[in-house]
Amino acid sequence: MTEPTVHVLWLNAGLSCDGDSVALTAATQPSIEEIATSALPGLPPVELHWPLLDYECGPQGGADDFVAWFHRAARGELDPFVLVVEGSVPNEDVKQEGYWTGFGSDPATGQPITVCTWLDRLTPHATAVVGAGTCAAYGGVHAMAGNPTGAMGVPDYLGWDWRSTAGIPIVCVPGCPVHPDSFAETLVHLLHQIAGRAPMIELDDNLRPAWLFGRSVHESCNLAGYYELGRLATGYGRDECLVKVGCWGPAVKCPVPRRGWINGVGGCPSVGGVCVACTMPGFPDQFMPFMDEPGLTVAPATEGLYATLVRTLQSVVLHEAEKEPEWRRRGDALTTGYTAPWGGVDQHG
Ligand code: SF4
Ligand code: SF4
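Residues numbered from 1 in each chain as written. Chains lettered and ligands numbered in written order. Predicted model: local features only at pLDDT ≥ 70, side-chain atom pairs only at ≥ 80, totals over all residues. Heavy atoms only, no water.

**Observations concerning the packing of aromatic side chains**
Inference 1: Considering all chains together, one arrives at ten aromatic pairs under this definition.
Inference 2: With a centroid separation of 5.3 Å and an interplanar angle of 55°, the aromatic rings of W10 and F183 are classed as tilted. With W10 in strand 1 (residues 6-11) and F183 in helix 7 (residues 180-194), this pair connects stretches of sequence that are 173 residues apart. You'll find W10 and F183 in the same group, each marked buried.
Inference 3: Three or more aromatic residues link up through ring pairs in this structure, and these residues are F66, F70, F103 and W118. (Phe/Tyr/Trp six-rings, centres within 6.5 Å; stacked < 30°, edge-to-face > 60°. Helix = DSSP H or I, 4+ residues; strand = E, 2+ residues; numbered from the N terminus. Buried < 20%, exposed > 50% of the residue type's maximum accessible area, 1.4 Å probe, protein only.)

Printed below as a string of structure tokens:
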């Protein structure tokens, strides 16, 4: 029996910069090509409807009408489908006139269809809904204090307890932008789950995939050894822990330091840039100004006496560890401590 095709509808018309779409093109484990062509073993057939790269880009009602897929899904004609939302959701009820967002137009009125309306029409039919990036997950930069749109994340709009037709909660993969492989991996899990070959996706309290966001930045940072030694940079460009110049790593959950950005390369604090907490629900307001030392909650416990002790111990241990054993040298006598098991025969025969 042929498996049903899973359609992935990518709605990037929220308040966004498309950075998460761009980021996904850099995924390698797996790549978006491997997902789109169902090249991975066990994946069901996939059709990706993604504005950034789709061949279908024709006008509404014309040939290759991209928006038609969304209208079909809204009428309940696509099953199963995963709705990916990129960008935050504005509050369309607080403005005087016009639209904060629009994607396609309503054939009945000729007016733009807002993201809120798309969410209202699509989510009752969706097999799964995914928030790509911090804006869709929690509001992000567009939802900062002082914004005029009343922006919010998808769970704020639909409700944090929302469930899809398949009983799946909203899945949030935060990050500004989203980490390419983390998003690709999450999508693959959902595709396997929809195909009946993976269990219910495990999410944490903030609807993030638990296996990706269970560990702090600090726990995976390759500068954590310097933190332990109390070697804290006071400026940029130094190979020391960045906590004093703004790193929020100890308070932030994110897989980037242990996975790198692209194909294992790059990162944030691991390669010299402070962690600005871009995956967190309180981003950015709760972590600004970014270049200042974070509050007491993340101040290192390694300053003062303890750090001096650790540094001293380390220098003693390092001093010894840097030496070769004394028996590794030229000379007439063997001094390794070797004894021939049959006894009495010396090494020269
Ligand atoms: S740079 Fe940041 S994440 Fe890395 S060890 Fe220092 S405080 Fe922790
Ligand atoms: S390490 Fe920090 S700044 Fe970098 S992606 Fe993760 S949360 Fe964002």
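**Observations concerning the site of ligand 2**
Inference 1: In the neighbourhood of ligand 2, the contacting residues comprise V217, V252, C254, V256, W261, C268, C275, V276, A277, C278 and T279.
Inference 2: Of the residues assigned to the shell around ligand 2, the class counts are ten nonpolar, one polar and no charged. (Near = heavy atom within 4 Å. Nonpolar A, V, L, I, M, F, W, Y, C, P; charged D, E, K, R; others polar.)

**Points about the site of ligand 1**
Inference 1: In the vicinity of ligand 1 there are 13 residues, among which H218, C221, C241, L242 and C247 approach most closely.
Inference 2: Judged by the proximity of its atoms to the pocket grid, ligand 1 belongs to the largest cavity.
Inference 3: Every element with two or more residues in the shell around ligand 1 is listed here: helix 9 (217-220) and helix 10 (224-229).
Inference 4: Tallied by class, residues from the shell around ligand 1 come to eleven nonpolar, two polar and no charged. (1 Å grid on protein atoms, 1.4 Å probe; cavity = no way out; pocket = protein on both sides within 12 Å on 5 of 7 lines; lining within 4 Å. Sits in = over half its atoms within 2 Å of the grid points.)

**Looking at the nonpolar core**
Inference 1: With 64 residues, the main nonpolar core has F70, L83, W118, L122 and F183 as its most contacted residues.
Inference 2: Residue contributions to this core peak at six residues, all from helix 7.
Inference 3: In this structure, F183 is in contact with W10, L24, V84, V130, A132, V173 and V178, ignoring residues within four places of it in sequence.
Inference 4: Of all hydrophobic cores here, the second largest spans 19 residues; its members include L242, V245, V274 and F283. (Core = buried A, V, L, I, M, F, W, Y, C linked by side-chain atoms within 4.5 Å. Contact = heavy atoms within 4.5 Å.)

**As for the sheet that holds strand 4 (residues 128-132)**
Inference 1: On the basis of which strands lie adjacent, the open sheet formed by five strands has the order 2-1-3-4-5 and parallel pairing. The sheet is open, and its two borders are formed by strand 2 (46-49) and strand 5 (171-173), each paired with just one other strand. Ignoring strand direction, the axes of neighbouring strands in this sheet form an average angle of 20°.
Inference 2: Sheet topology places strand 1 next to strand 3 (residues 81-86); five bridges connect them, and they run parallel. Note that in strand 3 the partner of W10 across the bridge is V84.
Inference 3: Across the sheet, helix 7 lies against strand 1, strand 2, strand 3, strand 4 and strand 5, angled at about 160° from strand 5, the strand it touches most. (Pairing = 2+ DSSP bridges. Axes fitted to C-alpha atoms, helices over the stretch in contact; angles between N-to-C directions.)

**Thoughts on the side chain of R208**
Inference 1: Inspection of the secondary structure assignment puts R208 in the loop between helix 7 and helix 8 (210-213).
Inference 2: Once residues within four sequence positions are removed from consideration, R208 is found in contact with Y138, C172, P174, E202, L203, F213, K253, T279, M280 and P281.

**Comments concerning empty space enclosed by the protein**
Inference 1: One pass over the structure, following the stated rule, counts two cavities of 30 Å³ or more.
Inference 2: Roughly 80 Å³ of volume is contained in the largest cavity.
Inference 3: Taken together, 13 residues form the lining of the largest cavity, with H218, C221, C241, L242 and C247 sitting closest to its centre.
Inference 4: For the lining of the largest cavity, the per-class residue count stands at eleven nonpolar, two polar and no charged.
Inference 5: Looking at the second largest cavity, the residues that line it are P174, G175, P177, V178, H179, F213, C254, P255, V256, W261, C278 and T279.
Inference 6: The residue makeup of the lining of the second largest cavity, split by class, is nine nonpolar, three polar and no charged.
Inference 7: When residues of the lining of the second largest cavity are sorted by domain, at least three fall in each of domain 1 (6-209) and domain 2 (215-322). (Points joined across faces, edges and corners; volume = space filled by probe spheres on them. Domains from an automatic or database assignment.)

**Describing the UniProt feature "domain: Cytochrome-c3 hydrogenase C-terminal" (unreviewed entry) in the protein chain**
Inference 1: Within this numbering scheme, the UniProt entry marks residues 213-290 as carrying the feature "domain: Cytochrome-c3 hydrogenase C-terminal" (unreviewed entry).
Inference 2: In residues 213-290, the share of helix is 19% and the share of strand is 0%. The end C-alpha atoms are 22 Å apart. (UniProt positions renumbered as here; feature names shortened; annotations may be inferred.)

**Structural notes on the UniProt feature "binding site: [4Fe-4S] cluster 2" (unreviewed entry) in the protein chain**
Inference 1: Here the UniProt feature "binding site: [4Fe-4S] cluster 2" (unreviewed entry) sits at H218, C221, C241 and C247. Their sequence span is 30 residues, while the largest C-alpha to C-alpha distance among them is just 11.0 Å; these annotated residues converge on one region. As for the lining of the largest cavity, the annotated residues named previously contribute H218, C221, C241 and C247.
Inference 2: Looking at the secondary structure, you find H218 in helix 9.
Inference 3: Classification of H218 as partly exposed rests on a relative accessible area of 22%.
Inference 4: Setting aside its immediate chain neighbours within four residues, H218 contacts A224, Y227, G249 and P250.
Inference 5: Its place among the elements puts C241 in the loop between helix 10 and helix 11 (256-259).
Inference 6: Beyond its immediate sequence surroundings of up to four residues, C241 is in contact with L223, Y226, Y227, R231, L232 and A233.

**A few points about the pairing of strand 4**
Inference 1: Along strand 4, five of the five residues are buried, which leaves the element largely enclosed by surrounding structure.
Inference 2: Every second residue of strand 4 is oriented toward a common face, with A128, V130 and A132 on one face and V129 and G131 on the other, all of them buried.
Inference 3: Examined bridge by bridge, strand 3 and strand 4 share five bridges and lie parallel to one another. Paired with V84 across the two strands is V130, which belongs to strand 4.
Inference 4: For the segment spanning strand 3, helix 4 (residues 115-122) and strand 4, crossover handedness is right-handed.
Inference 5: Here strand 4 pairs with strand 5 via three bridges, running parallel. Counterpart to G131 in the pairing with strand 5 is C172. (Right-handed = clockwise from strand over helix to strand, strands pointing away.)

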